[in-house]
Amino acid sequence: MNNNTESGGASIQPHSVEAEQLVLGTLLINNDAYHKISGVLRLEHFYDPVHAAIYGEIQGRIDAGKLASPVTLSRTFNEHEGAKELGGAKYLARLAGAATATFAIVDYAEMVVDLADRRGILEIVDECRESILTDRQSAVEIAIDVETRCGAVATQSSNKPLVQSHLAVLTSTINEINDVYQGTGDVGVSTGLPQLDKILTGFRAGQLIIVGGRPGMGKTTGGQNFAYHAAANGIGVFFGNLEMPAEELGRRFLARGLADQGVRIPYSRMTRKDAISEQDFRRIIEEAKRQEALPIITGERDVRHVDRLRAAVKRAHQRFADSGTPLGLVVVDYLQLVQSKYERAYDRASAASDTLKSLSLELGVPVVVAAQLNRSVELRDPPRPMLSDLRESGKLEEDADVVMFFYREEYYLRSKVKACRDIEERADLEARLHAVSGLLEIIIEKQRNGPTGSVDAFADLPTCSITADRSTMQEELI
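Just so you know, these numbers come straight off a predicted model, no measurement behind them.

Parameters at a glance
Residues numbered from 1 in each chain as written. Predicted model: local features only at pLDDT ≥ 70, side-chain atom pairs only at ≥ 80, totals over all residues. Heavy atoms only, no water. Helix = DSSP H or I, 4+ residues; strand = E, 2+ residues; numbered from the N terminus. Contact = heavy atoms within 4.5 Å. Areas by Shrake-Rupley, 256 points an atom, 1.4 Å probe, with all protein chains shown as cover. Axes fitted to C-alpha atoms, helices over the stretch in contact; angles between N-to-C directions. Parallel < 35°, antiparallel > 145°, perpendicular 65-115°, else oblique. Left-handed = near helix turned anticlockwise from the far one by under 90°. Nonpolar A, V, L, I, M, F, W, Y, C, P; charged D, E, K, R; others polar. Phe/Tyr/Trp six-rings, centres within 6.5 Å; stacked < 30°, edge-to-face > 60°. Buried < 20%, exposed > 50% of the residue type's maximum accessible area, 1.4 Å probe, protein only. pLDDT = per-residue confidence, 0-100.

Undergrad: Would you take a moment to explain the overall build of the protein chain for this structure?
TA: In terms of regular secondary structure, the protein chain is built from 19 helices and eleven strands. Across the protein chain, every contact between residues at least 6 apart in sequence was considered, and the portion connecting residues at least 24 apart equals 68%. Summing over all exposed atoms, the protein chain offers an accessible surface of approximately 24600 Å²; the carbon and sulfur share of this is 50%.

Right under this line is the structure:
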């Protein structure tokens, strides 16, 4: 590796002229070698601008189905200003003469890429150093900026090939199907609701799952239940808590865990001294001890900006990897609270959707995000949600692998009963209200790789509990 110093000795730029020459020389001798590195090496990775120009010409001719050799490139580089200094077409012949074995070209290409990444990181560090010295940003903002931008370097430099043969695709597919058939495959992260799992086959790696609903439908409770159930089964969870104080989230998880133990203490009672007994308090303490080991990392409201959210998820991913319990689920509550540099709501939602979808693919985990619905849903009778009710729906529909809606008829019936003055009609409404008390309809409106439909569950929002069986909460709900 050559470490040349820029003018004034300001910074050292990592590069290797020899590695760039070996890559180019090998390509000029054997065009077939190009397909080994085309998904790894790009023009901007070359340090020497003449080498970048040569690679661009080679790339263009091979992609067009033409031969790239010292002879076919000679006319272009006899006239090229930078190449003239190196000998013009004669330099191409020297490159070809220095060609390495075809099998080694990938190693040299990766070396060129790594050195380019190092230069990119140095540039980021230099810019952040200027921010540190000029007081333009806080230390926390600078740290997040470094983490986000350096993470982007790692993501963009993935060595995954751009293409693969149909045989490779079929082999991978058959292996996946065989694992499922044998019962050894990945069946996804369970939702905790068997009927929902049956339709979705759990939350799958790489999926973006949107849980939509109007206020009061239980979408926040749903996200917390998915997170709690996954963590209780040993799966690492990142919970992006953008809406409420950490203590409120903690109370909700405590109430959810207590409900699992058959103890009903609504989270709202936990902050009222006259509303909990000594026995309740002891049970809450015992539940807190029981939940200490749950693998959940919470992102606080300060991670609302899309860059901070991405950095927080990546940090959680690393912490889980270090702990031996890999990250398996990301839950964000809720999408419209995610901020970005954009002012228009549509653009903000698009940036959030893009980031969450890319994280699901990059980290190989399902991402569940709650989303608010338009008020127009409540103008219909009954006010059952549909895809067009998603705020900024176009982009969200496009990115989402699964869109499900939470709908509680009980919520709207209570308002009707309260407003009704006709005795007979009120009696009918009350009878219907009794029948649907606690009922939560989960409507799967979109599933990219599976069926749609609906599932009935039962929600006790005061304890943040959603279950498949009504009997466990029926006494309290009715």
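Alright, that's what it looks like, and here's the rest.
Undergrad: Is there a simple way to think about the packing of helix α17 (residues 409-419) against helix α18 (residues 423-436) in this case?
TA: The relative placement of two packed helices is expressed as an angle between their axes plus a distance between the axes. Interaxial distance between α17 and α18 falls to 9 Å at its minimum, and their mutual angle equals 155 degrees. On the basis of the axis angle, α17 is roughly antiparallel to α18. Between α17 and α18 the crossing geometry is left-handed. Here Glu409, Glu410, Leu413, Arg414, Lys416, Val417 and Lys418 of α17 lie close against α18, whose contacting residues are Arg426, Leu429, Glu430, Arg432, Leu433 and Val436. Taken together, the residues that form the contact of α17 with α18 break down as five nonpolar, no polar and eight charged.

Undergrad: Teacher, can you tell me more about the packing of aromatic side chains here?
TA: In this description, a pair of aromatic rings is defined by centroid distance and the angle of the planes. This structure, assessed with the given rule, holds five aromatic pairs. Summarising the aromatic geometry, the rings of Tyr411 and Tyr412 are spaced 5.2 Å apart at their centres and angled 85 degrees between planes, so their arrangement reads as edge-to-face. Look at Tyr411 and you get partly exposed, because its relative accessible area is 34%. Within the aromatic cluster, the residues linked to one another by ring pairs are Tyr407, Tyr411 and Tyr412.

Undergrad: Sorry if this is basic, but what is going on with the environment of Ala351 here?
TA: Note on placement: Ala351 falls in helix α15 (residues 345-363). Placed 13 residues apart in sequence, Ala351 and Val338 show a C-alpha to C-alpha distance of 8.8 Å. Dropping the residues within four chain positions of it, Ala351 is found in contact with Val306, Ser340 and Tyr342.

Undergrad: For this particular structure, what's the right way to read the environment of Asn225?
TA: Here Asn225 is to be found in helix α11 (residues 219-232). It is 7.3 Å that separates the C-alpha atoms of Asn225 and Cys464, two residues lying 239 residues apart in sequence. With near-sequence residues (within four places) excluded, Asn225 lies in contact with Arg256, Cys464, Ser465 and Ile466.

Undergrad: Any chance you could explain the confidence of the model for the protein chain here in plain terms?
TA: One rule of thumb: low pLDDT means the predicted coordinates there are not for detailed reading. Residues at a pLDDT of 70 or more form 88% of the protein chain, whose mean pLDDT is 82. Note on residues 5-10: pLDDT is under 50 here. Beyond four places in sequence and across chains, it has five contacts. Between residues 472-478, whose pLDDT stays under 50, and residues either more than four places distant or in other chains, the model counts 14 contacts.

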